[in-house]
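Summary of the model geometry
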Amino acid sequence: MEKVFNLRKIEKKWQKHWNDIGLYRTKEIPEKKYYVLEMFPYTSGELHMGHLKNYVIGDVVARVKIMEGYDILHPIGWDAFGLPAENAAIKHGIHPKTWTYRNIENFRKTFEMLGLSYDWGRELATCDPDYYRWTQWLFLLLYKKGLAYRKSDYVNWCPSCKTVLANEQVVDGKCERCKTHVLKKELEQWFFKITDYADRLIDDLSLLKNKWPDNILKQQENWIGRSYGTRIVFKYENDGSELPVFTTRADTLFGVTFITVAPEHGVVRRLIADSPYSKSIAEYVRKAVQKSDVEREFGKQEKSGIFTGLYAIHPLTGQRIPIWIGDYVLAHYGTGVVMGVPAHDQRDFEFAKRNALPIKVVVKPINGELDPEAMECAYEEYGIMVNSAQFSGMTSEAGIEEIQKELHKRGLGGLTVSYRLRDWLISRQRYWGAPIPMVHCPSCGIVPVPEENLPVLLPENVKDFKPRGRSPLEDAEDWINTKCPSCGGNAKRDPDTMDTFVDSSWYFLRYIDPDNKSHIFDPEKVNRWMPVDQYIGGVEHATKHLIYARFIQKVLFDEGLVSSPEPFDNLFTQGLVHKSFYYCNHCGEVVKDEEVKDEIHTHCGSRVELLTEMMSKSRGNIVAVAPFVEEHGTDVARITILFAGPAEKDMLWSDAGVEGAKRFLLRILRFYDAYARNPEKVGKELDPSKLSGNDLALYIKLQQTIKAVREDSSQFHFNTALARMMEFLNDLYSFENKNSPVVGRSCVDFAILLAPFAPHIAEEIWNMMGFEKTIFFERYPEYDERYLHFEEIEIPVQVNGRVRGRVSVRKGLSKEEVFEAALKDEKIKNYVKDGTILNVVFVQDRLLNIVIKSEGGIN
RNA sequence: GCCGGGGUGGCGAAACUGGCAGACGCAGGGGACUUAAAAUCCCCUGGGACAAAAUCCCGUGCGGGUUCAAGUCCCGCCCCCGGCACCA
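Residues numbered from 1 in each chain as written. Chains lettered and ligands numbered in written order. Predicted model: local features only at pLDDT ≥ 70, side-chain atom pairs only at ≥ 80, totals over all residues.

Things to note about the overall build of chain A
- Assigned secondary structure in chain A consists of 27 helices and 35 strands.
- Considering only contacts in chain A between residues 6 or more positions apart, those separated by 24 or more positions represent 70%. (Helix = DSSP H or I, 4+ residues; strand = E, 2+ residues; numbered from the N terminus. Contact = placed C-beta atoms within 7 Å.)

A short note on the protein's contact with RNA strand B
- In the region of RNA strand B, 60 residues are neighbours, and Asn 215, Thr 247, Ala 656, Gly 660 and Gly 801 sit closest.
- Residue composition of the surface near RNA strand B, by class: 20 nonpolar, 21 polar and 19 charged. (Near = placed C-beta within 6 Å. Nonpolar A, V, L, I, M, F, W, Y, C, P; charged D, E, K, R; others polar.)

Overview of the pairing of strand 12 (residues 320-326)
- Of all 7 residues making up strand 12, 5 are buried, and the element is well covered by its neighbours.
- Strand direction decides the pairing type here: strand 10 (residues 258-261) and strand 12, joined by 3 bridges, are parallel. Within strand 12, the position partnered with Ile 259 by the bridge is Ile 323.
- Taken together, the 7 bridges between strand 11 (residues 305-313) and strand 12 define a ladder with antiparallel strand orientation. Bridging across to strand 12, Ile 306 finds its partner in Ile 325. (Buried ≥ 20, exposed ≤ 12 C-beta atoms within 10 Å, placed from the backbone. Pairing = 2+ DSSP bridges.)

Considering the sheet that holds strand 20 (residues 445-448)
- The sheet built from 4 strands is open, its strands ordered 20-19-22-21 with antiparallel pairing. At either margin of the open sheet sits one strand with a lone partner, and together these are strand 20 and strand 21 (481-483). If you compare each strand with its neighbour and ignore which way they point, the axes differ by 40° on average.
- Relative to strand 22 (residues 490-493), strand 19 (residues 438-441) is paired through 2 bridges, and the arrangement is antiparallel. (Axes fitted to C-alpha atoms, helices over the stretch in contact; angles between N-to-C directions.)

Thoughts on the confidence of the model for chain A
- Across chain A, the average pLDDT comes to 91, with 97% of residues at 70 or higher.
- Predicted complex metrics record ipTM = 0.95 and pTM = 0.93. (pLDDT = per-residue confidence, 0-100.)

Quick word on the sheet that holds strand 4 (residues 163-165)
- Reading across from one edge, 4-3-7-17 is the order of the 4 strands in this open sheet, with antiparallel pairing throughout. Single-partner strands in this sheet number two, and they are strand 4 and strand 17 (424-425).
- Bridge count between strand 3 (residues 148-158) and strand 7 (residues 183-192): 10 bridges; the pairing is antiparallel. If you follow Ala 148 over to strand 7, its bridge partner there is Phe 192.

Topic: the packing of helix 1 (residues 7-21) against helix 25 (residues 759-768)
- Axis separation between helix 1 and helix 25 bottoms out at 9 Å; the angle between their running directions is 85°. As the angle between them shows, helix 1 and helix 25 are arranged roughly perpendicular. Here helix 1 contributes Ile 10, Glu 11 and Trp 14 to the contact with helix 25, which in turn contributes His 760, Glu 763 and Glu 764.
- Taken together, the residues of the contact of helix 1 with helix 25 break down into 2 nonpolar, 1 polar and 3 charged. (Parallel < 35°, antiparallel > 145°, perpendicular 65-115°, else oblique.)

A few points about unusual backbone geometry
- Geometrically, the link from Leu 454 to Pro 455 is a cis peptide bond, its omega value of 0° lying close to zero.
- Residue position: Pro 455 is located in the loop between strand 20 and helix 13 (477-480).
- Note that the residue after Met 530, namely Pro 531, is joined by a cis bond; omega there is 0°.
- Along the chain, Pro 531 turns up in the loop between helix 16 (523-529) and strand 24 (534-538).
- One non-glycine residue, Ala 389, adopts positive backbone phi at about 50°.
- Given 11 C-beta atoms within a 10 Å radius, Ala 389 is considered exposed.
- In this model, Asp 845 sits at a positive phi of 65°, which is unusual for a non-glycine residue.
- Secondary-structure assignment places Asp 845 in the loop between strand 34 (835-843) and strand 35 (847-854).

Points about the domain arrangement of chain A
- Assigned domains within chain A: domain 1 (7-136 + 502-574), domain 2 (227-418), domain 3 (676-787) and domain 4 (792-854).
- Computed over C-alpha atoms, the centres of domain 1 and domain 3 are 33 Å apart.
- Taken together, the contacts link 14 residues of domain 1 with 16 residues of domain 3.
- Mapped by element, the contributors of at least two residues to the side of domain 1 that touches domain 3 are helix 1 and helix 2 (49-67).
- For the side of domain 1 that touches domain 3, a count of residues per class yields 9 nonpolar, 2 polar and 3 charged. (Domains from an automatic or database assignment.)

Okay, structure coming up:
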């Protein structure tokens, strides 16, 4: 009679038990600390398998560490400020706060169903005044340190979200959230001076080497984009003011035939005023600035520009160099001005050709000449300098250095560094965020809100959240009008709220001291647990959250509040979860499975397409966690995710995978139910030196399994760890004498090995075996070094690199002994008999290769 | 264009530091159990030659190379995914 197990019922039982005994309560003072953290979720919509992967991986890590004897900190919270809350308010008329807390409630319930190893006593939500009070405090700290400042700049503007965006939130010229093309808008905004930390953010990546994925380190390095070059000062002919340029090719300085200024550059206003062609230039600049980045990129081939009629003085030759304005020059890189060397820079070449500017060759290939008349593209390689006064004849490398020295001597530039990274634009013209704690006073200017007056609470009586290009908070009369903290006169609050990435740049610190009423956190407590030992999250944060959080950590480090320069010691980035779905090109929509028959959309009769994409609500291809767990149980979800493939790689969610996972778990339960219900048997001490035959073989297999599972799981190779466990379970099933004490021992060790992966099922079989205390009080099993291999082993014997037979020998035999044994083998004898043995290659305990030359002469 | 990561059975994937390619799972086939089906348990399953076994040959994107031995190392290509991209 087949026994039926109700997985969900088993899970609920143990979840209650774990709660009752307070299994995941964090120790106040850890002896051997381990801080494991998953990137907290943004509470929108419904938790699906795509989200879950992150939390399952974190939970496995946490449980392994618990069972390795660490005191763990494993908290969870909610990233809860942000645009979707306002969108919901606009669409459904629900207040963002109501919407958000409802979502949090929903998320928490789902998380609780999962029985994850969180210490719920540390839960936090970034939209909670008790939290954002300290986000505001952090802002004030940066302000005090000169790291938060206000400037007017052309900023990324999303016309659909009606708010500004940080550089990092613009992807392919589009708003990362709504995919609308981003425009440039000149606005006065708050920035964090992250560029001050550019060097440290790059240099400290070396501390994370081999602990963070290489591609993330690389991405950050590229994003910060440090490049060493030369600053060269051209002087404006009219008044001698400086017009510095940045170049990595100072060796081409004598080839300059023009300089080009970015249309957004501050000096442009002056140039317009001075120019004989003011009108047309002003018109050109106006148009160029209005172009979005995307439009400008269309101009990649067509480099537009306009001559100002003005000149600058070459720092070494004293020649007059025409000043142009061109939109191929980036305002935000280098100095916003480039020197035009058409002979040796392709962009300048194109610009010169288009505008009939002269081309002057100053670097020639080591063997060969260049004819400026005949050139079809720029010569960008290094070479030998020519036409460059005293520098002629030098290599480019030497020339760069010598010219730097010369410029430095003359006070006209020298070695310098340039970064791609820009300051972090943090103000948002939105409601649902932490208000910027600043007051604008007509007489005192910009005044910070005193710390004791924090938090600046978000007013709740705001009704209209429709984006209109300015913060909805400006209309909250009672709120926006305030008194100046400095002079007491009438003043206005800053109407903007902070980018939500500010909220998430320090949450991992607050978890350690979540209830602190008087400080952002107690440094002593924080230093007990920081840095995060294992951080787990998505790759998409490589150049956003993971840079911002590192920056904030360094600011706090400088302030003496934290003692580690980096927040996250180890990082693991999990792959996405994809799912297939049907799409009807005719109807232009995603089609539900039940509306598809034989690949035909039953509504319209046209053929559907099977697409595979990342799970997302908008695609309608999500598998929601809550109903899935209700039906199959959480351990099935865990095993499905963990076994599908390498955790860092994208996976495809499939029903077949679910079935396989379920089959594995039920197979475990059936085995224990049938053979491990006897506490007498499982508790027995075992002396491996007394074992022989099958018992010994099983014992060795157990040691191998323990070793493999431990090693695999410490490297996040959960799929292979599970494969080893499945293999071992197969061995248990086929083992004849189920009453063997080795089977008893195997059942105990196997259950513990399984516990981090399928905690509920492991606890259940642990209980079946008659143990009273939770399995999570057990230590992860150690393997017995002496019993990892059989004494008798099989060695493949190759003849000329092909396996032709195998010999059974004792472990550790010498080359000669194995060779001798191989020659006794009939098959080998046959292969070797009519040839001359040239060589014998032997790898201890692994392989023997006999190299022969046969009579026929063909090998 | 530059920088990462990949390409292995019908499918998801394994393979230490160069040493038996395809562990484990899914799908498929066969058997046991069952009145029957499902479930379960056991066995088979890269391709080809042979009626079959034994056996042999081919096989890790493509073309070369190094080596007793290459999925793994070297040279040259092709394709896919991710990041950056007029960065001076």
